[in-house]
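Below are the chains, spelled out letter by letter.
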Amino acid sequence: MIQLPQQFKDDEASLRWLAAAAASVLAEQPAVIHLDARQTTWISAHLCAGLGALKRLAGAGSQGQLSGMSSQVAHALSQIGFTESFTEDRYHTSIQYRVWDSTAGLTSDAAKYLLEGFVRNELPTLTQEVREPLLASLCEVFSNVDRHAQSAAGCLASGQHYPNVRLVGFSVCDLGVTIPGSVQQSRQDRRALTAVQALDWALQRGFSSLPEIGGIGLPDVAAVVRQNGGRLCILSGLALYMQDGDAGSCTSIADRFPGTLVVLELRTLPATPRP
């Protein structure tokens, strides 16, 4: 049984917990992954891609169980399509949880998924000024999975609009070679980098392990977050990058996450308190 934290959101403590939980699943390979939410008061719905990755780690024959949820948490996760029961999204704020079993053709299919999710009139207060850089950034994240991740377990995604606090959040997760692993494979200078150094290098302008292919790149995703005053989190291997507005830094983590989770959060209107 894996005990969920009191709050699971896009902060350092939650992402370190996710890496530790993934390491536990890989070590034990349980037939049933039991997530206990009895002490959990909040799960950010746009992070369901990260939670869903835990089940993928145990293999095709495994089952996932999420128990003990409060009515509020259960309602939020059912609206986004993460649980077996489904609740109608009456306020049109959820970008449905999606799993791709293969990354073949992911870039084009993900673009359709993003357009269906974000380009709709009923999505409240999401202006063109926010939507266009958001879509460009997310397309780049999916493109990176398609080109670099080599993820045999596919890709997961989920998003949520929080109109009351004027935020939109989205996550993309793969279980591939990790960004530090991809950097190390592609560098002409074969001197070993730590995971933190490699992730930091990937966020520098001009990096690409496939330089002949276009794309706005991770540095430009970070620039969108800086301009918006939003948040960017990248959990990959033994490294964690956290950016709030202008300030961003990479740190090492104790448990290796066997893939990459990218979480992007943008403000839809001027700054307000976070949930």
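It should be noted that the structure appears before, not after, this text.
Cut-offs and rules
Residues numbered from 1 in each chain as written. Predicted model: local features only at pLDDT ≥ 70, side-chain atom pairs only at ≥ 80, totals over all residues. Heavy atoms only, no water. Pairing = 2+ DSSP bridges. Helix = DSSP H or I, 4+ residues; strand = E, 2+ residues; numbered from the N terminus. Axes fitted to C-alpha atoms, helices over the stretch in contact; angles between N-to-C directions. Salt bridge = Lys/Arg side-chain N within 4 Å of Asp/Glu carboxyl O. Buried < 20%, exposed > 50% of the residue type's maximum accessible area, 1.4 Å probe, protein only. Polar contact = N/O pair within 3.5 Å; in protein donor to acceptor, adjacent residues only side chain to side chain.

Caption draft 1: Seen up close, the sheet that holds strand β7 (residues 155-162). Strand order in the open sheet formed by 5 strands is β6-β7-β8-β10-β9, and the pairing between neighbours is antiparallel. Pairing within the sheet leaves two strands with one partner each, and these edge strands are β6 (94-100) and β9 (231-244). Strand after strand, the sheet turns through a mean of 15° between neighbouring axes, direction not considered. Note that β9 and strand β10 (residues 247-267) share 13 bridges and pair antiparallel.

Caption draft 2: Highlighting the sheet that holds strand β3 (residues 32-36). If you trace the 3 strands from one edge of the open sheet to the other, you get β1-β3-β5, paired in parallel fashion. Each end of this open sheet is capped by a strand with a single partner; those strands are β1 (2-3) and β5 (63-67). Where β1 lies against β3, 2 bridges are found, and the strand directions are parallel. Within the sheet, the bridge partner assigned to Gln3 lies in β3 and is Asp36.

Caption draft 3: Structural view of the pattern of salt bridges. Tallied over the full model, the rule gives 7 salt bridges. With a shortest N-O distance of 2.8 Å, Arg16 and Glu12 are connected by a salt bridge. Taken as a pair, Arg16 and Glu12 lie in helix α1 (residues 12-28) at a separation of 4 residues, close to a single helical turn. For the salt bridge of Asp244 with Arg231, the shortest nitrogen-to-oxygen distance reads 2.8 Å.

Caption draft 4: View of the pairing of β7. Of all 8 residues that make up β7, 8 are buried, and the element is covered over most of its length. What you see with β7 is no split at all: Cys155, Ala157, Gly159 and His161 on one side and Leu156, Ser158, Gln160 and Tyr162 on the other are buried throughout. Pairing geometry for β6 and β7, over 5 bridges, is antiparallel. By the bridge assignment for β7, Val99 is matched with Leu156.

Caption draft 5: Molecular detail of the side chain of Thr93. Inspection of the secondary structure puts Thr93 in the loop between α3 (71-79) and β6. Taking relative accessible area as the criterion, Thr93 reaches 7% and is therefore assigned buried. Only 2.9 Å separates the side chain of Thr93 from the side chain of Gln160, close enough to count as a polar contact.

Caption draft 6: Fine view of unusual backbone geometry. Backbone geometry places His92, a non-glycine residue, at a positive phi of 60°. Inspection of the secondary structure puts His92 in the loop between α3 and β6. For His92, a relative accessible area of 34% corresponds to the partly exposed category. Phi at Arg166 is positive, roughly 60°, even though this residue is not glycine. Secondary-structure assignment places Arg166 in the loop between β7 and β8 (167-174).

In short, the description is geometric, and any link to function would need to be established separately.
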